[in-house]
Amino acid sequence: MSTTRPSVHELHSLATRQDGYFTAEQAGELGFDSAMVRVNLATNTWTRVERNLFRLGQWPHSELEVFAMWCAWFGGEAVISHQSAAELHGFGHLHPQFVHVCAFGDLRLTDTRLAVHRLRLEPRDVESAGTFNLTTPVRTVLDLAAGGISQITLDEVVCDAVAIGRVDPQTLYSEAGTSTDRVAERVELALSACT
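Residues numbered from 1 in each chain as written. Predicted model: local features only at pLDDT ≥ 70, side-chain atom pairs only at ≥ 80, totals over all residues. Heavy atoms only, no water.

Undergrad: Tell me about the side chain of Thr135, and name the residues and values.
TA: Within the secondary structure, Thr135 is located in strand β8 (residues 133–135). Among the residues examined, Thr135 registers a relative accessible area of 0% and is labelled buried. With residues near it in sequence (within four places) discarded, Thr135 still touches Val79, Ile80, Ser81, His82, Ala85, His89, Leu121, Asp125, Val126, Glu127, Thr140 and Asp143. (Helix = DSSP H or I, 4+ residues; strand = E, 2+ residues; numbered from the N terminus. Buried < 20%, exposed > 50% of the residue type's maximum accessible area, 1.4 Å probe, protein only. Contact = heavy atoms within 4.5 Å.)

Undergrad: Describe the nonpolar core, and please don't skip the residues or the numbers.
TA: Ranked by size, the top nonpolar core spans 20 residues in total, and within it Val141, Leu142, Leu144, Leu154, Val158, Leu172 and Val187 carry the most contacts. Secondary-structure elements contributing two or more residues to this core are α6 (137–146), α7 (151–163), α8 (169–177) and α9 (181–193). Considering every element that reaches this core, the biggest residue donor is α6, with five residues. Those residues in contact with Leu172, other than ones at most four positions away along the chain, are Val138, Val141, Leu142, Val158, Val167, Val187 and Leu191. Counting 19 residues, the second largest nonpolar core, distinct from the first, contains Phe74, Ala85, Ala103 and Leu114. (Core = buried A, V, L, I, M, F, W, Y, C linked by side-chain atoms within 4.5 Å.)

Undergrad: Report on the layout of surface pockets, specifying residues and quantitative values.
TA: Each pocket or cavity is described by its volume, and for the largest pocket that value is around 230 Å³. Residue lining of the largest pocket: 15 residues in total, with Arg124, Asp125, Arg139, Leu142 and Glu175 positioned closest to the centre. Mapped onto the lining of the largest pocket, the elements with two or more residues apiece are α6 and α8. Considering every element that reaches the lining of the largest pocket, the biggest residue donor is α6, with five residues. (1 Å grid on protein atoms, 1.4 Å probe; cavity = no way out; pocket = protein on both sides within 12 Å on 5 of 7 lines; lining within 4 Å. Points joined across faces, edges and corners; volume = space filled by probe spheres on them.)

Undergrad: Give a detailed account of the packing of aromatic side chains, specifying residues and quantitative values.
TA: How two aromatic rings sit relative to each other is set out by the distance from centre to centre and by the angle between their planes. Under the defined criterion, the tally for this structure stands at seven aromatic pairs. Measuring from centroid to centroid gives 4.8 Å for Phe22 and Trp46, while their planes differ by 75 degrees, and the two rings are edge-to-face. Separated by 24 residues along the polypeptide, Phe22 in strand β1 (residues 21–23) and Trp46 in strand β2 (residues 46–50) bring together distant segments of the chain. Aromatic side chains Trp46 and Phe54 sit 5.6 Å apart centroid to centroid with 45 degrees between the ring planes, which places their arrangement in the tilted category. Here the two residues Trp46 and Phe54 agree in accessibility, since each one is buried. A connected cluster of aromatic rings, assembled from ring pairs, spans Phe22, Phe32, Trp46 and Phe54. (Phe/Tyr/Trp six-rings, centres within 6.5 Å; stacked < 30°, edge-to-face > 60°.)

Here it is as structure tokens:
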């Protein structure tokens, strides 16, 4: 039996930041033991969404909740990235089959609905989308250039990013220059396709 008094207010605050989602571990850290979890589930105060992932009961649904859900499943440490970030930014027509996340740490979650990229991100590579984080437009382009998408698709992503004013061509060119030769070459080709 836990000696820590559960903090309903802190749990609600945490869940609100994560679109109503929270992990069993996060609830445990706030003093909710397994008996309290069962009571909250039985009374529909919480709903079980995935293994070790819950959501506050009666939480409203949204179009972007799947992104918040996967980030919360990683304890709030994951960042939407690659094709999924490009889709959210409005770059190209990638239509990803999976939700792409960057997650770095010991947590090893696997699911056929996820593509997990084990990358360390700097704070400058991440921006908030409200209830989840995603890679910045420049970082998204660099990640895609390093990945396996075709040059034609990368050209479309880069040209869209530039056309809608989310990526400054000079900044992207400069950032690509600090990456691998392959990334720098692919970005340079994509930028030349936008003129």
